[in-house]
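This is what each chain is made of:
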Number of protein chains: 2
Amino acid sequence: MAPKKLKSVAQDAAPAQRTGAAAAKPTKQTPAKPRPLTRIQREKQDMILEAALEVFSMHGFRGATIDQIAEVAGMSKPNLLYYFPSKEEIHRRLMSALLVTWLAPLEEMRADGDPFVEIRSYIRRKLEMARDFPRESRLFANEMLRGAPHIIDMIAVDLKALVDEKAEILLGWMDEGKLSRTDPYHLIFSIWATTQHYADFDVQVRAVLGKGRDGEGRFEDAARYLEHLFLFGLTPKTKVGKDAD
Amino acid sequence: MAPKKLKSVAQDAAPAQRTGAAAAKPTKQTPAKPRPLTRIQREKQDMILEAALEVFSMHGFRGATIDQIAEVAGMSKPNLLYYFPSKEEIHRRLMSALLVTWLAPLEEMRADGDPFVEIRSYIRRKLEMARDFPRESRLFANEMLRGAPHIIDMIAVDLKALVDEKAEILLGWMDEGKLSRTDPYHLIFSIWATTQHYADFDVQVRAVLGKGRDGEGRFEDAARYLEHLFLFGLTPKTKVGKDAD
DNA sequence: CTAACATTTTTCCAACTGGTCAAAAATCCG
DNA sequence: CGGATTTTTGACCAGTTGGAAAAATGTTAG
């Protein structure tokens, strides 16, 4: 229930070395002595990334400004730029951390589990993410809307591989008659779409549902509905006799 | 199949009267003599709106620039500003036209039709819109992601009213036992989510599905899958015996 | 042709943008 | 303490942004 903090994003990228052209070595990677990176540095970087998440997720990359991010992070623009070399770099860091987080729930789907249990808990995990990390969801959506310029590669490689793998599992279940036969890819798409909708289109959901039944109640309604939609939609005809509530 | 042009958006807003403070009357509306608006003016305005749709739908309001819109529209920035007083106004026009278009498919859902036929064709209409008007879908999504600052009122009033009405219809069908009993609001949300996903997350869908099966095939797969998902998920237990396909 | 009008282009501007830099201020550490 | 280092700040810059003015160029009716 309590939104556990996402794994800290910071890892290296020491403050911009300003001493001469020291760090200017265009060796692409500069792993020569990553310099431990003090606790304060990590904290500040996290504050910046947190603020950047807030701003990027609302306005997209181009619509966000460094000043705005700096203000939300509670520091001056030059100070922020002391910790990150550029706006792009902040975004990059945010995106690569996000991708890991975003793929995790699907990775957990196990071939040796019960199909319905696996799918149900996958849906629930995704729905929880939409509830607990709406900004991450919007950040992702913003990137997608723009054609995913910064992550298209990872999408086309890592994500595709993962989905291929899970689609195979789903197909296996269908072959065994444990699952109604449909397109496993579009099945996954529909889980993504329906769950993330509650984060990305939150305003609309709120406005349409009105005041009553907010927060947790809303979430439970959505969870119950989606469960109904997917499970009964996927129940193979042979097992249909089951009369659940 | 051929994406029929959306209704022309232009309606009034004559070229910015520059003669003195003529049009400066801050009376909010300036309907005093709308001036017929020549064919050429309407064409130019449409070109601008078309270009603006292209740009706004990719970069969001803040991320889009007038220069960019002007370039896409094939004219200079001041020339564009001759037809529209400001960037905001262009966006406003685009949004209000969009809302009408966006609500239309749901309005067609009739209480006196067959539930499954009605829902099926609603899904198909929405899916066709995602295919034929992806930019409109993304424009809408972009606005939602930012909290819908420009259309929250219409969402909370007109859209809500429409959804309330249709939810009532769905509830009626459920009462009559023609539809499995679930939350009608979340049902509508899930239709929106699953169909618009194909426009908004097109890059991802493409990347995951890979080269093969693009365009029409893709669309048909999605349509077939969604039909399966929703219809079987909504089939009341009493009618379940039907062994399709 | 020409006056009245519609359209387009050129020039300009103030505010904002991402980003730099040197100096000041904090902090660390022996 | 005092020097070295890290962090923060203020001034600054070149390019971009939304937009205004006005001059220049059509266009059209009489």
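The rules behind these values
- Residues numbered from 1 in each chain as written.
- Chains lettered and ligands numbered in written order.
- Predicted model: local features only at pLDDT ≥ 70, side-chain atom pairs only at ≥ 80, totals over all residues.
- Heavy atoms only, no water.
- Near = heavy atom within 4 Å.
- Polar contact = N/O pair within 3.5 Å; in protein donor to acceptor, adjacent residues only side chain to side chain.
- Helix = DSSP H or I, 4+ residues; strand = E, 2+ residues; numbered from the N terminus.
- Nonpolar A, V, L, I, M, F, W, Y, C, P; charged D, E, K, R; others polar.
- Contact = heavy atoms within 4.5 Å.
- Buried area = accessible area lost by both parts, 1.4 Å probe.
- Salt bridge = Lys/Arg side-chain N within 4 Å of Asp/Glu carboxyl O.
- Buried < 20%, exposed > 50% of the residue type's maximum accessible area, 1.4 Å probe, protein only.
- Least-squares fit on C-alpha atoms with pLDDT ≥ 70 in both.
- Phe/Tyr/Trp six-rings, centres within 6.5 Å; stacked < 30°, edge-to-face > 60°.
- Lys NZ or Arg CZ within 6 Å of the ring centre and 35° of its normal.

Caption draft 1: Focus on the protein's contact with DNA strand D. The environment of DNA strand D is formed by 19 residues, the closest being Gln41, Lys44 and Tyr83 of chain A together with Ile66 and Lys77 of chain B. Close to the protein, within 4 Å, the atoms of DNA strand D belong to sugar or phosphate groups at a rate of 62%. Tyr82 of chain A has a polar side-chain atom sitting 2.9 Å from a phosphate oxygen of DNA strand D. Within the residue set of the surface near DNA strand D, elements represented by two or more residues are helix H1 (39-63) and helix H3 (77-83) of chain A together with helix H2 (66-73) and helix H3 (77-83) of chain B. For the surface near DNA strand D, the element with the most residues is H3 of chain A, which contributes 4 residues. For the surface near DNA strand D, a count of residues per class yields 9 nonpolar, 6 polar and 4 charged.

Caption draft 2: Molecular detail of the interface of chain B and chain A. Taken residue by residue, the interface counts 58 residues in chain B and 58 residues in chain A. Together chain B and chain A conceal approximately 5200 Å² of surface at their shared face, both sides included; 71% is due to carbon and sulfur atoms. The interface formed by chain B and chain A contains 0 salt bridges. Counting every contact that joins chain B to chain A gives 12 residue pairs in polar contact (both at pLDDT 80 or more). When contributions to the side of chain B that touches chain A are tallied by element, the ones reaching two or more residues are helix H1 (39-63), helix H6 (134-145), helix H7 (152-175), helix H8 (184-200), helix H9 (202-209) and helix H10 (215-234) of chain B. Ranked by the residues each element gives to the side of chain B that touches chain A, the list is headed by H8 of chain B, at 12 residues. Here the side of chain B that touches chain A is composed, by residue class, of 29 nonpolar, 18 polar and 11 charged.

Caption draft 3: Region of interest: unusual backbone geometry. All names here are of chain A. The backbone of Ala148 sits at a positive phi, close to 50 degrees, despite the residue not being glycine. When you line up the elements, Ala148 lands in the loop between helix H6 (134-145) and helix H7 (152-175). Taking relative accessible area as the criterion, Ala148 reaches 0% and is therefore assigned buried.

Caption draft 4: Quick look at the protein's contact with DNA strand C. Surrounding DNA strand C, one finds 18 residues, the nearest of these being Lys77 and Lys87 of chain A together with Gln41, Lys44 and Tyr83 of chain B. A share of 57% is what sugar and phosphate atoms reach among the atoms of DNA strand C within 4 Å of the protein. In this structure, a phosphate oxygen belonging to DNA strand C sits 2.7 Å away from a side-chain N or O atom of Gln41 of chain B. Sorting the residues of the surface near DNA strand C by element identifies H3 of chain A together with H1 and H3 of chain B as the ones contributing at least two each. Across the surface near DNA strand C, the residue classes tally to 9 nonpolar, 5 polar and 4 charged.

Caption draft 5: Inspection of the relation of the copies chain B and chain A at higher detail. Screw-axis analysis of chain B against chain A gives a translation of 0.0 Å along the axis, an RMSD of 0.1 Å, and a rotation angle of 180 degrees. This pairing of chains is accounted for by a two-fold axis. The residues that chain B uses at the interface reappear at the interface of chain A in 98% of cases, marking a shared surface.

Caption draft 6: Here's a closer look at the pattern of salt bridges. All names here are of chain A. As enumerated under the stated definition, the model contains 35 salt bridges over all chains in all. Salt-bridge contacts for Arg92 lead to Glu88; the nearest nitrogen and oxygen are separated by 3.8 Å. With Arg92 and Glu88 both in helix H4 (residues 87-107) and 4 residues apart, this pair spans about one turn of that helix. The exposure class assigned to Arg92 is partly exposed, which follows from its relative accessible area of 42%. The partly exposed category is assigned to Glu88, whose relative accessible area is 36%. One network of salt bridges, with partners in common, ties together Glu50, Glu54 and Arg135.

Caption draft 7: Molecular detail of the environment of Phe61 of chain B. Residues and elements named next belong to chain B. In this structure, Phe61 sits in helix H1. Each C-alpha atom, one on Phe61 and one on Leu139, is 9.0 Å from the other, the two residues being 78 residues apart in sequence. Apart from residues no more than four positions distant in its own chain, Phe61 is found in contact with Phe56, Lys87, Glu88, His91 and Arg146.

Caption draft 8: Just the packing of aromatic side chains, in detail. Considering all chains together, one arrives at 12 aromatic pairs over all chains under this definition. Taking the centre distance of 5.0 Å and the plane angle of 80 degrees together, the rings of Tyr82 of chain A and Tyr83 of chain A count as edge-to-face. Taking the relative accessible area as the measure of exposure, Tyr82 of chain A reaches 32% and is therefore partly exposed. Taken together, the aromatic side chains of Trp102 and Phe140 of chain A together with Phe201 of chain B make up a single cluster linked through ring pairs. Over the ring of Trp102 of chain A we find Lys126 of chain A; its NZ or CZ atom is 4.7 Å from the centre of that ring.

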